[in-house]
Amino acid sequence: MRASTYPLVEVDEAAALVLDRTHVLGVERVSIAECDGRVLAENVTATEPLPAFPSSAVDGYAVRSEDAGKDLRVSGESAAGRPFDGTVEPGTAARILTGGVVPDGADCVVMVEDVHIRGEIVTVPAGLRPGSNFHRPGDDLRVGELVVPAGIELGAAELGLCAALGLSKLPVHRRPRVSLLSTGDELVEVGEKPKRGQIVDSNRWALLAALREAGAEVMLLGIAPDQPDALRRVVVDALTHADVLVTSGGVSVGTHDLVKPLLESLGTVHIGRVKLKPGKPFTFASLAEGRVAFGLPGFPVSSLVTFEVFVRPALRKMQGYSRLERPTLPVRLAYDARASADRTEYQRVTLRREGGELVAETTGSQSSSRLMSLAGAHALVRVPAGTQGIKAGSIVEAMILALP
Ligand code: AMP
Ligand code: MG
């Protein structure tokens with residue numbers, strides 16, 4: 001063992017440094033069929049009004065409001081997609097179906113329920129209001145209106161709007177390609193029975209899920225032994241196709257901790273230790289051609305908490321998201337949160353609703369090996385270093401993972 005030579009960096013300083021060294025990825029034009037969950041790279045602005053024509057909101061009759069209360073002769077029909085090319089003259093009406101074009105001459109639509117029909121004659125009620133029961137051009141979307149701003153993840157409504165505007169391809173940022181590697185001689189594949197002293201490589205599957213949720217395309221590199229040359233070979237090879245390298249394990253100060261020296265030889269290690277609990281040995285390096293590497297600690301909770309604090313915002317920056325951080329909400333602590341003397345701690349909590357508030361309860365032992373502290377957690381509560389802690393009953397802003 002040797003003492004680490006890396007300075008202990010404050011969490012916020014480390015997070016800012018990571019973002020500073022992470023670059024937004026390029027833009028590709030992707031078929032709208034493949035755009036859900038992608039981040040729009042340029043503002044989409046309406047170049048046409050929606051609807052593009054006066055469109056009936058109901059089934060009924062298109063009439064002139066001045067003909068209110070009269071018997072009108074039905075002179076034609078305007079169905080959806082099959083407009084009536086004539087004009088609604090005084091004393092006449094056109095049958096119209098929902099989505100049909102309101103013909104020239106008509107200034108309102110009367111619902112079929114409100115008319116009396118005898119053959120080709122309809123009697124319309126008194127007091128018709130011009131403009132009723134149809135959507136005018138631009139009612140839903142005006143020309144020049146901002147439809148979806150750049151930096152937003154495309155979901156159902158955004159994609160529907162883009163399609164309605166005729167955009168069959170959309171400019172989106174490339175997804176980060178991430179190579180994921182577990183390190184450690186003690187690790188065996190999931191499904192294999194660990195011998196004495198061995199454990200299953202569980203971080204790979206936890207981090208794979210976390211990476212995908214954050215929008216990454218993941219290449220699994222498997223397990224590297226605690227052997228510098230073998231580790232180096234896997235990493236160098238993986239970096240030829242990856243934007244990001246994520247490793248777990250091998251970053252603390254024991255003799256088998258090989259990730260930092262490897263990253264030193266491949267690039268610049270900017271962070272080697274953070275005043276963070278769990279996750280003190282978190283390591284971050286920049287490599288050639290804008291690539292970055294995250295050396296996450298091996299303990300399961302440490303790897304996922306450092307992922308949340310450092311990796312997820314960086315992956316979102318790469319994809320062009322305008323919001324990098326998880327949302328926060330005020331929560332009332334139902335427990336006394338003890339502080340670590342010298343490290344900012346992210347404590348895992350469940351939330352429940354109580355009298356219009358969110359109340360946070362600890363998930364129990366916050367040991368960095370106890371993944372049960374994160375399973376089912378709704379939020380992370382940040383407890384500043386020191387002697388004070390946060391007393392039960394206090395209200396703090398919590399980083400929301402999922403709402404109850
Ligand atoms: P390390 O950071 O390599 O010193 O590992 C710290 C702790 O995390 C040790 O108890 C390791 O066995 C454990 N660990 C490391 N990698 C993994 C992994 N991929 N899955 C589960 N536990 C791990
Ligand atoms: Mg190890």
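Going by the structure above, here's the rest.
Analysis parameters
Residues numbered from 1 in each chain as written. Chains lettered and ligands numbered in written order. Predicted model: local features only at pLDDT ≥ 70, side-chain atom pairs only at ≥ 80, totals over all residues. Heavy atoms only, no water. Helix = DSSP H or I, 4+ residues; strand = E, 2+ residues; numbered from the N terminus. Contact = heavy atoms within 4.5 Å. Pairing = 2+ DSSP bridges. Axes fitted to C-alpha atoms, helices over the stretch in contact; angles between N-to-C directions. Near = heavy atom within 4 Å. Polar contact = N/O pair within 3.5 Å; in protein donor to acceptor, adjacent residues only side chain to side chain. Areas by Shrake-Rupley, 256 points an atom, 1.4 Å probe, with all protein chains shown as cover. Nonpolar A, V, L, I, M, F, W, Y, C, P; charged D, E, K, R; others polar. Buried < 20%, exposed > 50% of the residue type's maximum accessible area, 1.4 Å probe, protein only. Arc of directions from axis to C-beta. Phe/Tyr/Trp six-rings, centres within 6.5 Å; stacked < 30°, edge-to-face > 60°.

Engineer: Can you explain the side chain of Ser55? Please cite residues and give values.
Structural biologist: Position of Ser55 among the secondary structure elements: in strand 4 (residues 55-56). Apart from the residues lying within four places of it in its own chain, the contact partners of Ser55 are Gly99, Gly100, Val102, Phe134 and His135.

Engineer: Help me get a handle on the sheet that holds strand 22 (residues 283-287), residues and values and all.
Structural biologist: In space, the six strands of this open sheet follow the order 17-14-18-23-22-19, with mixed pairing throughout. Each edge of the sheet is formed by a strand with only one pairing partner; in this case those strands are strand 17 (217-224) and strand 19 (267-271). If you compare each strand with its neighbour and ignore which way they point, the axes differ by 20° on average. As paired elements, strand 18 (residues 244-248) and strand 23 (residues 292-296) share five bridges and run parallel to each other.

Engineer: Give a description of the site of ligand 1 that names residues and reports values.
Structural biologist: If you check the shell around ligand 1, you find 16 residues, and the closest are Glu186, Asp201, Gly250, Gly298 and Phe299. In the environment of ligand 1, a nitrogen atom lies 2.8 Å from a nitrogen or oxygen atom belonging to the side chain of Asp201. At 3.2 Å from an oxygen atom of ligand 1 is found a main-chain nitrogen or oxygen belonging to Phe299. Computed on the free molecule, ligand 1 has an accessible area of 480 Å², of which 80% lies beneath the protein chains in the complex. For the shell around ligand 1, the secondary-structure elements that each account for two or more residues are strand 14 (177-183) and strand 16 (199-200). Of the residues belonging to the shell around ligand 1, the class tally is four nonpolar, nine polar and three charged.

Engineer: Break down helix 5 (residues 259-266) for me, citing the residues and quoting the values.
Structural biologist: If you check which residues of helix 5 are buried, you get Val259, Lys260, Leu262 and Leu263. Axial view of helix 5: buried residues confined to an arc of 160°, hence all on one face. Taken together, the buried residues of helix 5 touch strand 14, helix 4 (228-238), strand 18, strand 19, strand 22 and strand 23.

Engineer: Pulling in residues and values, what's your account of the packing of aromatic side chains?
Structural biologist: Taken as a whole and judged by the stated rule, the model has three aromatic pairs. Centre to centre, the rings of Phe282 and Phe294 are 6.3 Å apart; their planes meet at 40°, and the pair counts as tilted. Placement of the pair is Phe282 in the loop between strand 21 (276-277) and strand 22 and Phe294 in strand 23, with a sequence separation of 12 residues. Taking relative accessible area as the criterion, Phe294 reaches 1% and is therefore assigned buried. Seen from their ring centres, Phe282 and Phe310 are 4.1 Å apart, and the 20° between their planes marks the pair as stacked.

Engineer: Could you give an account of the pairing of strand 25 (residues 344-354), with specific residues and numbers?
Structural biologist: Alignment of strand 21 against strand 25, held across two bridges, turns out to be parallel. When the sheet's bridge partners are listed, Lys277 is paired in strand 25 with Glu345. Relative to strand 27 (residues 379-383), strand 25 runs antiparallel, the two being bridged by five bridges. For Glu345, the partnering residue across the bridge sits in strand 27 and is Val383. Here six bridges tie strand 25 to strand 26 (residues 357-362), and the two strands are oriented antiparallel to one another. Along strand 26, the bridge assignment pairs Arg352 with Val359. In this antiparallel pair of consecutive strands, strand 25 and strand 26, the connection spans two residues, and Gly355 shows a positive phi of 50°.

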